[in-house]
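# Observations on chain architecture
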Amino acid sequence: MYFDNRYLYLFLIIIVVANLAGGGFDLLSLLLTIPGVLIAITFHEFAHGFAADKLGDDTPRNQGRLSLNPLAHLDPIGVVMLIFAHIGWGKPVQINPNNFSRKISARTGEAIVSFAGPLMNFILAFVFAIIFYAIQAFAPSFVPTQTGMIIMTMIQCTVLVNVGLGVFNLIPLPPLDGSKILMAFLPYNAKRWFEDHTQLFYIIFLVIWITPISGRIISPVIEAITGGIDGLVGGLFGL
């Protein structure tokens, strides 16, 4: 499915301008968010490639996507969107389902590869939450220092960005990972209908993306998951 990138640039400009006009731009917050964005996107796309490689498809390996070098995975528009709108993406990992092991169908393999990205983001959110509370528990004197506050804020941003990227990509609309996961569970006729109306779903996705609908749908889910991780990990450390 081809979608004119000019529309993406237009929507990007609209969202960034709206963010700036609403006073949403804060240089310090931007700088503190960038490390989390780089980590979230890099590991997300690496996970897609790693899953495909383990299923027998060497396409990501041949294209240099089995790397934790951010430059191998970053998409300029997706990065800017993730920073300003808190929803974004990396450079899509190309796969060839025909290379998957014969033990699984192409649809199942695509679903596994697609789910690997969001799953990695949720794992990273837990990992950085553990780091956050471990610092509080074992180095409490470090937290109130200027360096400590900066590092703790960066860790919190990393948790939030990873949860946000994971949740956003699980929306079952093209071109997001959730649509490929959904396809693995749909009956044949439903799959055909879904494929025949891909253009419509792209439009729905863009409408949700550029209107307050996305925030109303996604934000409560992100807050719930982040709160759950915070409560669970904080409880483990007795904090």
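Along every chain, residues carry numbers that run from 1 in the direction the sequence is written. Only residues with pLDDT of at least 70 get local features here, since the model is predicted, and only at 80 or more are side-chain atom pairs given and counted; chain-wide, interface and lining totals rely on the full set of residues. Processing note: side-chain calculations cover all non-hydrogen atoms of the structure and skip hydrogens and water entirely.

A word on the side chain of Thr 158. Secondary structure is summarised from DSSP: a helix means a run of H or I of at least four residues, a strand means a run of E of at least two, and numbering begins at the N terminus for each. Assignment of secondary structure puts Thr 158 in helix α6 (residues 146-169). Burial classification: accessible surface area is computed with a 1.4 Å probe over protein chains only, and a residue below 20% of its type maximum counts as buried, one above 50% as exposed, and the rest as partly exposed. Assessed through its relative accessible area of 3%, Thr 158 is described here as buried. If we skip the residues at most four places from it in the chain, Thr 158 touches Gly 36, Ile 39 and Phe 128. We call two residues in contact whenever any of their non-hydrogen atoms come within 4.5 Å of each other.

This part covers the pattern of salt bridges. Salt bridges are defined by distance alone: a side-chain nitrogen of Lys or Arg within 4 Å of a carboxyl oxygen of Asp or Glu. Taken as a whole and assessed by the stated rule, the structure comprises 2 salt bridges. Residue Arg 61 is joined to Asp 53 by a salt bridge in which the shortest nitrogen-to-oxygen separation is 2.8 Å. A salt bridge links Arg 107 to Glu 195; the nearest nitrogen and oxygen atoms lie 2.2 Å apart. Taken together, the positions of Arg 107 in helix α5 (residues 106-138) and Glu 195 in helix α8 (residues 188-196) put the pair 88 residues apart, joining distant regions of the chain.

To continue, consider the nonpolar core. Counting residues in each nonpolar core, the largest one holds 39 residues, and the members touching the most others are Val 163, Phe 168 and Phe 205. Take this core: its biggest share by element is 11 residues, from α5. Not counting the four nearest positions on each side in its chain, Val 163 is found in contact with Phe 122, Ala 125, Ile 222, Ile 225, Thr 226 and Ile 229. Core analysis: the second largest hydrophobic core is formed by 6 residues, Val 37, Ile 41, Val 79 and Val 161 among them. Only buried Ala, Val, Leu, Ile, Met, Phe, Trp, Tyr and Cys residues count toward a nonpolar core, and they belong to the same one when joined by side-chain atoms within 4.5 Å.

What follows deals with the packing of aromatic side chains. Only rings of Phe, Tyr and Trp enter the pairing, Trp through its six-membered ring, and a pair is recorded when the two centres are within 6.5 Å. The plane angle decides the type: under 30 degrees is stacked, over 60 is edge-to-face, the rest tilted. Evaluation of the coordinates by the stated rule reveals 5 aromatic pairs. Arranged with centres 5.3 Å apart and planes meeting at 85°, the rings of Phe 132 and Tyr 133 form a pair that is edge-to-face. Seen in terms of ring centroids, Phe 194 and Phe 201 are 4.6 Å apart; in terms of plane orientation they differ by 20°. Their pairing is stacked. The pair formed by Phe 194 and Phe 201 is uniform in burial state, with each residue classed as buried. Linked through ring pairs, Trp 193, Phe 194 and Phe 201 together constitute an aromatic cluster.

What follows deals with the environment of Ala 111. Residue placement: Ala 111 occurs in helix α5. Each C-alpha atom of the pair Ala 111 and Lys 180 lies 5.5 Å from the other, and the pair is 69 residues apart in sequence. Setting aside residues up to four positions removed in sequence, Ala 111 forms contacts with Lys 180, Ile 181 and Ala 184.

With that out of the way, let us pick up the confidence of the model for the protein. Confidence of the prediction at every residue is given by pLDDT, a number between 0 and 100. Per-residue confidence for the protein gives a mean pLDDT of 85, with 85% of residues at or over 70. Per-element confidence in the protein is highest for α5, whose mean pLDDT is 96, and lowest for helix α1 (residues 5-21), whose mean pLDDT is 60.

Turning to a nonpolar patch on the surface, a few remarks are in order. The residues that make up patches have over 30% relative accessible area and no salt bridge, and they are joined within 9 Å when like-charged or within 5 Å when they are Val, Leu, Ile, Met, Phe, Trp or Tyr. Calculation of accessible area relied on Shrake-Rupley with a 1.4 Å probe; when residues are assessed, cover is drawn exclusively from the protein chains displayed. There is a patch of nonpolar side chains on the surface, built from Phe 115, Leu 119, Ile 123, Val 127 and Ile 131 and spanning about 370 Å² of accessible area. Looking at the secondary structure, you find Ile 123 in helix α5. Assessed through its relative accessible area of 43%, Ile 123 is described here as partly exposed.

Turning our attention to helix α10 (residues 213-236). Each turn of an α-helix holds 3.6 residues, which means side chains three or four residues apart point in the same direction. To estimate the expected span of a helix, count its residues, drop one, and scale the result by 1.5 Å. The first and last C-alpha atoms of α10 sit 35 Å apart over 24 residues, in line with the 34 Å expected at 1.5 Å per residue. The seven residues ending at a residue and the seven starting there each receive a fitted axis; the angle between those axes is the bend at that residue. The axis of α10 is deflected most strongly, by about 25°, at Ser 219, and proline Pro 220 appears within four residues downstream. For α10, the complete set of buried residues consists of Ser 214, Ile 218, Ile 222, Ile 229, Val 233 and Gly 234. After α10 finishes, the residue Gly 238 shows a positive phi value of roughly 70°.

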